[in-house]
Amino acid sequence: LRLVSFGAHPPQNAFLRFDLSGAIGPDHPLPAILRRHCRSFTLISLQRTAASDRAEYAYQLLLRDQRSNNELMTALNDITGLDNVNLTLQEELLEV
C-alpha cells in the first residue's frame, strides 16, 4: 500500500502585485483577505513614490486552493484605493 493524496488540493505559489493609496494599517482589510485565501504570504517589495501617497506592493503567496483565485481577485478589487491588481501563478517546478 502507498499513501496518495486523492482529493487533496496542493498549495499553489503565486505573486501578487498592486498599487495602493495610503498604508496598510491594523484595520485594513487586505491581511484578513490574504489569511482567508493563503496558507502564507510575505511582503517582498514595497516602493513608495515621493510625489504621492501611492505605493506599489508585491507579495509572495502560497495559495490554499487555486480554484478560489477568482474569489480572491474579487475581494481584492473591492478594496477602496487598491488598483492594478495582478496575480501571477508559478508553475510547479519538477526535478529531473
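Each remark here, short or long, concerns the structure printed above.
Residues numbered from 1 in each chain as written. Predicted model: local features only at pLDDT ≥ 70, side-chain atom pairs only at ≥ 80, totals over all residues. Heavy atoms only, no water.

**Q** Please explain the nonpolar core as it appears in this structure.
**A** Counting 20 residues, the largest nonpolar core has L16, F18, L61 and L76 as its most contacted members. Listed by contribution, the elements that provide at least two residues to this core are β1 (12-21), α1 (30-37), β3 (54-63), α2 (69-77) and β4 (82-89). In terms of residues, this core owes the most to one element, β3, which gives 5 residues. Once residues within four sequence positions are removed from consideration, F18 is found in contact with I24, L30, A55, E56, Y57, Y59, L82, D83, N84 and V85. (Core = buried A, V, L, I, M, F, W, Y, C linked by side-chain atoms within 4.5 Å. Buried < 20%, exposed > 50% of the residue type's maximum accessible area, 1.4 Å probe, protein only. Helix = DSSP H or I, 4+ residues; strand = E, 2+ residues; numbered from the N terminus. Contact = heavy atoms within 4.5 Å.)

**Q** Teacher, can you tell me more about the packing of aromatic side chains here?
**A** To describe a pair of aromatic rings, you give the distance between the ring centres and the angle between the ring planes. Using the criterion set out here, one finds 3 aromatic pairs in the structure. Ring centres 5.2 Å apart and planes at 15° place the aromatic pair F18 and Y57 in the stacked group. With a gap of 39 residues between them, F18 in strand β1 and Y57 in strand β3 connect regions that are remote in the sequence. Accessibility expressed as a relative area gives 6% for Y57, which makes it buried. Relative to Y59, the ring of F18 has its centre 6.0 Å away and its plane inclined at 15°; by these criteria the two rings are stacked. Of the two residues, F18 is situated in strand β1 and Y59 in strand β3; the sequence distance between them amounts to 41 residues. On the basis of relative accessibility, which here comes to 9%, the residue Y59 falls in the buried class. Three or more aromatic residues joined by ring pairs form one cluster here, namely F18, F41, Y57 and Y59. (Phe/Tyr/Trp six-rings, centres within 6.5 Å; stacked < 30°, edge-to-face > 60°.)

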